[in-house]
Amino acid sequence: MTSWLGSLWGGSGASSLSYNISTDPLSPSTNKGSHGWAIHTATHKTNGEEATAFQASKAELVKTPLQLQRSTSFGGGGGGNNLTQLVPALHHFQRIKRLIHPRILRAHATLDTDYPDDSKPSPGLDALETAASTGNLIIITEKAIPLDDWLDNLNPHTSAANAAAVSWGIYNIVEALSFLHTQAKLAHGMICPDAVFVTPGGDFKLGGFDL
């Protein structure tokens, strides 16, 4: 079942995105490793191209503590000195729409419903703690699924093919990291299965730019 994005999350800003998003998530925001993002299927309103939609409620993110091992790089996040998922999610939101490389999960469209247009610019990476925390974050990407889901779907009777597919995927991630380090001059900081997504063609794409 699909629904217009505007009817899902409201507001003229949300309806301006050129994608229909499924009502029911493939993976809810409460899943382990989701980092507060629900994953939905999406299709382009005009040409029907399939995509993936990530949606997070900032009101929920600001109430959800960070895992201890991943909390040391952030301050604020909306609640005194408590470290929450909000700032990492905002950091990912800002980074993924600017990083373009064949081995990085490609963002087709993004929306922060607290800042739906240029009349009220959203805070930059150096001021994420000041961002409003009442709306939703929406990222539309190329079609892909989490690495863990892809691994679960592998045929246990084709071990050689599985090994080749995983080897190819690891090479993809090495290429993504090479781009980040040598060209973008950035460190990812959170290489783990949660940050890897797999396309229908079997290419591994790097996401998870929380840090």
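Everything here concerns the structure above.
Residues numbered from 1 in each chain as written. Predicted model: local features only at pLDDT ≥ 70, side-chain atom pairs only at ≥ 80, totals over all residues. Heavy atoms only, no water.

Considerations on helix α4 (residues 86-96)
Working step 1: Most of α4 sits inside the fold, with 10 of its 11 residues counted as buried.
Working step 2: Along α4, the residues that are buried comprise Leu86, Val87, Pro88, Ala89, Leu90, His91, His92, Phe93, Gln94 and Ile96.
Working step 3: Those residues of α4 hidden inside the fold are in contact with α3 (58-61), β5 (107-112) and β6 (136-142). (Buried < 20%, exposed > 50% of the residue type's maximum accessible area, 1.4 Å probe, protein only. Helix = DSSP H or I, 4+ residues; strand = E, 2+ residues; numbered from the N terminus. Contact = heavy atoms within 4.5 Å.)

A word on the pairing of strand β3 (residues 38-44)
Working step 1: Counting buried positions along β3 gives five out of seven residues, so the element sits mostly inside the fold.
Working step 2: Here three bridges tie strand β2 (residues 19-22) to β3, and the two strands are oriented antiparallel to one another. Directly across from asparagine 20, in β3, lies its bridge partner threonine 43.
Working step 3: Relative to strand β4 (residues 50-57), β3 is paired through six bridges, and the arrangement is antiparallel. Residue pairing across strands places alanine 38 opposite glutamine 55, the latter belonging to β4.
Working step 4: Between β3 and β4, which pair antiparallel and follow one another directly, the connecting turn spans five residues, one of which, glycine 48, has a positive phi of 75°. (Pairing = 2+ DSSP bridges.)

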